[in-house]
Amino acid sequence: AQREGLDATRGTIGREVTAIGAQVAQLEDRVVRSVVRAPLGGTVLVRLAEPGEVVAPGRPIIVMAALDTLTFRAWVSGGQLPDLRLGASVMVRTDAGGGTLQEHAGIVTWIADRAEFTPTPIQTRDERVTQVYAVKVVVANPDGTLKVGMPGELVLGVATP
């Protein structure tokens, strides 16, 4: 009877050890999944949640950006549009302080297919100049001098490589 009781106790203990092992595995899995990792490298621009704060699933907790390459958005007139091509080299100028400008080489990656800020009746050639087309230019920023939202000007007519 004692042996049967001992065997039953060992069986019960074995099941409890297995159950506790499963609970430990679940907790370890939760800990691993609770660690937040960014899918890409970049710089944190804004922290929307503080460490230790509980957030709802799917809610953003940071705003980050890869600042080694920035997209400069500019607008060109209808008269300048024929001078632009996708993949064309352009120059972007930004303020460098002391009244000087710093030049950055860029590549045109997108040109809008429709004008923006267009007046309703366009009658004359002079009025067509008020049509502007959005353009996106990728600019390398290896030294971090360019900032998100920084104003600049687009220079057309740079030779294509």
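Scroll up a little and you will see the structure.
Residues numbered from 1 in each chain as written. Predicted model: local features only at pLDDT ≥ 70, side-chain atom pairs only at ≥ 80, totals over all residues. Heavy atoms only, no water.

*Asks:* Let's hear about a nonpolar patch on the surface: which residues, and what values?
*Replies:* A surface patch of nonpolar side chains, amounting to about 380 Å² of accessible area, comprises L45, V46, L48, V63 and V148. Here L45 is to be found in strand β1 (residues 43–47). Owing to a relative accessible area of 41%, L45 belongs among the partly exposed residues under this scheme. (Patch = residues over 30% accessible without salt bridge, like charges linked within 9 Å, V, L, I, M, F, W, Y side chains within 5 Å. Areas by Shrake-Rupley, 256 points an atom, 1.4 Å probe, with all protein chains shown as cover. Salt bridge = Lys/Arg side-chain N within 4 Å of Asp/Glu carboxyl O. Helix = DSSP H or I, 4+ residues; strand = E, 2+ residues; numbered from the N terminus. Buried < 20%, exposed > 50% of the residue type's maximum accessible area, 1.4 Å probe, protein only.)

*Asks:* How would you sum up the pattern of salt bridges? Please name residues and give values.
*Replies:* Per the stated rule, a full pass over the model turns up five salt bridges. Linking D29 and R33 is a salt bridge whose minimum nitrogen-to-oxygen distance equals 3.1 Å. One end of the pair, D29, and the other, R33, are both in helix α1 (residues 2–34), four residues apart, so they sit about a helical turn from each other. Since its relative accessible area comes to 37%, D29 is described here as partly exposed. The partner of R93 in a salt bridge is E103, and the shortest N-O contact between them spans 3.0 Å. Of this pair, R93 sits in strand β4 (residues 89–97) while E103 sits in strand β5 (residues 100–111); the two residues are 10 residues apart in sequence, bridging distant segments of the chain.

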